[in-house]
Amino acid sequence: MLVVMKTHATHGQIDHVLDAIRAMKLSPHPMPGATRTAIGITGNVGAVDSRTLEVLPGVSELIRVTKPFKLASREMHPADTSIKVAQTVIGPGTLTMIGGPCSVENEAMILRTAEFMMENGVRLLRAGAYKPRTSPYSFQGMGLEGLKILDNARRKTGIGIVTELMDTDNADAVEQATDIIQIGTRNMQNFSLLKCVGKAKKPVLLKRGMSATLEEWLMAAEYVMAGGNYNVILCERGIRSFSDHSRNTLDLSVIPPAKKLSHLPIMVDPSHGVGNREFVPQMALASLAAGADGLLLEVHPDPDHAASDGAQTLDFAAFKKLLEALKRVAEPLGKTVN
Ligand code: PEP
Ligand code: MN
């Protein structure tokens, strides 16, 4: 249920509606808009008795939200969401770049990559300190030490950090070191982790589960939003299919329906999507054409010696070339690359 307030509703009237919703043992989610405030209601199992709220002063109308994901749905929030983070903004009109290595390997390579990104106008650096690896014998990431390296790079260069949170135990440490908390594909339905980042003060980059439907993905976003963190960025990173020509099948066809159903920004990770650096640029450009709001790309000063995912990682020259091509394609599409 969505309560739409009148254009000139006072703060007092809005607070009164919030209290009335709490008194019904439900959760109100106020969403101030350009002209008026809307209040989403969650927590109800059945239909909400709308008459109690309809008659309150300042209320314009009540709209029933039919989708199972409420806060993530466009019914609840018709305008596209913009998320301000680390001197940049993710949302309509922009293609936001996030570049960096798969894993934090050492301080020098992180600093070098952060400086390279800043020089090229990229304001967000990705790198995992905690790595979800298929094999327990593969490099597992530098953990806390890796977070310190990221935090240092942020202080020295001013770049924003994107890094993965794998378990609730490290939530505070990751939240402090990062500007965007990444939830990986394998954790998209880790409901305790989703509830945990629902309480975080930093935006969440929610990767699509490798076998998740669009509805399951939006329900995962709903878990985060229901906790009070409305800054969720969706990220398509490829799903499992019968294809064996690529690491995953990058499902760009999910972007238009995701945009129709949800107001949340959507990014694409072509690196994990295709798994081969030779094919990453083509799919990055295709992501832009399909309506992506940003790209997450693996970039390393020396990909052939990367500790993880080197095969799908671009070197600096290839990233720079792709960035130029993206700028040329973005312009006629009415987007700026940031
Ligand atoms: C990553 O971005 O390094 C990563 C592990 O991604 P995913 O969760 O999509 O596999
Ligand atoms: Mn990786």
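The rules behind the values
Residues numbered from 1 in each chain as written. Chains lettered and ligands numbered in written order. Predicted model: local features only at pLDDT ≥ 70, side-chain atom pairs only at ≥ 80, totals over all residues. Heavy atoms only, no water. Helix = DSSP H or I, 4+ residues; strand = E, 2+ residues; numbered from the N terminus. Contact = heavy atoms within 4.5 Å. Salt bridge = Lys/Arg side-chain N within 4 Å of Asp/Glu carboxyl O. Phe/Tyr/Trp six-rings, centres within 6.5 Å; stacked < 30°, edge-to-face > 60°. Domains from an automatic or database assignment. Near = heavy atom within 4 Å. Polar contact = N/O pair within 3.5 Å; in protein donor to acceptor, adjacent residues only side chain to side chain. Areas by Shrake-Rupley, 256 points an atom, 1.4 Å probe, with all protein chains shown as cover. Nonpolar A, V, L, I, M, F, W, Y, C, P; charged D, E, K, R; others polar. Buried < 20%, exposed > 50% of the residue type's maximum accessible area, 1.4 Å probe, protein only. Pairing = 2+ DSSP bridges. Donors = N, O, S within 2.8 Å, 3.2 Å for Na, K, Ca; no water. Axes fitted to C-alpha atoms, helices over the stretch in contact; angles between N-to-C directions. Parallel < 35°, antiparallel > 145°, perpendicular 65-115°, else oblique. Left-handed = near helix turned anticlockwise from the far one by under 90°. Core = buried A, V, L, I, M, F, W, Y, C linked by side-chain atoms within 4.5 Å.

Concerning the environment of Gly58
- When you line up the elements, Gly58 lands in the loop between helix H2 (51–54) and strand E4 (59–63).
- Contacts of Gly58, omitting those with residues within four sequence positions, involve Met5, Lys6, Ala9 and Gln13.

Brief notes about the pattern of salt bridges
- Tallying each qualifying case throughout the model produces 15 salt bridges.
- A salt bridge links Lys259 to Asp293, with the shortest nitrogen-to-oxygen separation between them at 2.7 Å. One end of the pair, Lys259, is in helix H8 (residues 255–261); the other, Asp293, is in the loop between helix H10 (280–290) and strand E14 (294–298), with 34 residues separating them in the sequence.
- A cluster of three or more residues bridged by salt bridges with shared partners is formed by Asp151, Arg154, Arg155 and Asp179.

Remarks on the packing of aromatic side chains
- All chains considered together, the criterion is met by 3 aromatic pairs.
- Following the ring pairs from residue to residue traces out a cluster consisting of Phe116, Phe316 and Phe319.

Some remarks on the domain arrangement of the chain
- When its domains are assigned, the chain resolves into domain 1 (2–63) and domain 2 (83–337).
- A separation of 35 Å is found between the C-alpha centroids of domain 1 and domain 2.

Some points on the site of ligand 1
- Around ligand 1, a shell composed of 13 residues is seen, among which Arg126, Lys131, Thr185, Lys207 and Arg237 lie nearest.
- Note that an oxygen atom of ligand 1 is positioned 2.8 Å from one of the backbone N or O atoms of Thr185.
- One of the side-chain nitrogen or oxygen atoms of His272 is found 3.4 Å away from an oxygen atom of ligand 1.
- Calculation on ligand 1 without its partners gives an accessible area of 290 Å², and the protein chains cover 97% of this total.
- Here the residues of the shell around ligand 1 sort into 2 nonpolar, 4 polar and 7 charged.

Some points on the pairing of strand E3 (residues 37–42)
- Across the 6 residues that make up E3, a large majority, 6, are buried.
- Relative to E3, strand E1 (residues 2–5) is paired through 3 bridges, and the arrangement is antiparallel. Within the sheet, the bridge partner assigned to Leu2 lies in E3 and is Gly40.
- In this sheet, E3 lies alongside strand E2 (residues 27–32) in antiparallel orientation, the contact comprising 6 bridges. In the sheet register, Ser27 faces E3, and the bridge partner there is Thr42.

Details of the coordination of the manganese ion (ligand 2)
- Looking at the metal site, the manganese ion (ligand 2) is ligated by Cys102 (SG), His272 (NE2), Glu298 (OE) and Asp309 (OD), spaced 2.1 to 2.4 Å from it.
- Read in sequence order, the donor residues coordinating the manganese ion (ligand 2) give the pattern C-x169-H-x25-E-x10-D. Pair noted here: Cys102 is in the loop between strand E7 (94–100) and helix H3 (107–119) and Asp309 is in the loop between E14 and helix H11 (316–330), with a separation of 207 residues, a long-range link. Per residue, the accessibility class of Cys102 equals that of Asp309, and both read buried.

Points about the packing of H3 against H11
- It is the contact of H3 with H11, at a shortest axis distance of 12 Å, that shows an interaxial angle of 20°. The angle between the axes of H3 and H11 places the two elements in the roughly parallel class. Considering how the two elements wind past one another, H3 and H11 form a crossing that is right-handed. The residues of H11 that touch H3, namely those facing Arg112, Thr113, Phe116 and Met117, are Phe316, Phe319 and Lys320.
- Residues belonging to the contact of H3 with H11 are distributed by class as follows: 4 nonpolar, 1 polar and 2 charged.

Points about the nonpolar core
- Membership of the largest hydrophobic core comes to 76 residues, with the highest contact counts inside it found for Met97, Ile110, Leu206 and Phe319.
- At 7 residues, helix H7 (residues 214–226) tops the list of elements feeding residues into this core.
- Residue assignment places this core across two domains, with domain 1 (2–63) and domain 2 (83–337) each supplying three or more.
- Non-local contacts of Phe319, meaning those with residues more than four positions away in its chain, are made with Met97, Phe116, Met117, Val122, Leu297, Val299 and Leu314.

Some remarks on the sheet that holds E3
- Taken together, 4 strands build an open sheet; the order of strands is E2-E3-E1-E4 and the sheet is antiparallel. A strand with exactly one partner marks an edge of an open sheet, and here the two such strands are E2 and E4. When strand polarity is set aside, the average angle formed by the axes of neighbouring strands in this sheet is 20°.
- Sitting on the sheet, helix H1 (residues 11–23) is in contact with E1, E2, E3 and E4, with an inclination near 5° to E3.

A short note on the environment of Glu105
- Summarising the element assignment, Glu105 is placed in the loop between E7 and H3.
- Counting along the chain gives 84 residues from Glu105 to Gln189, while the straight-line C-alpha distance between them is 28 Å.
- Contacts of Glu105, omitting those with residues within four sequence positions, involve Met142, His300, His305, Ala306, Ala307 and Ser308.
- Among the polar contacts listed, one links the side chain of Glu105 to the backbone nitrogen of Ala307, at a separation of 2.7 Å.

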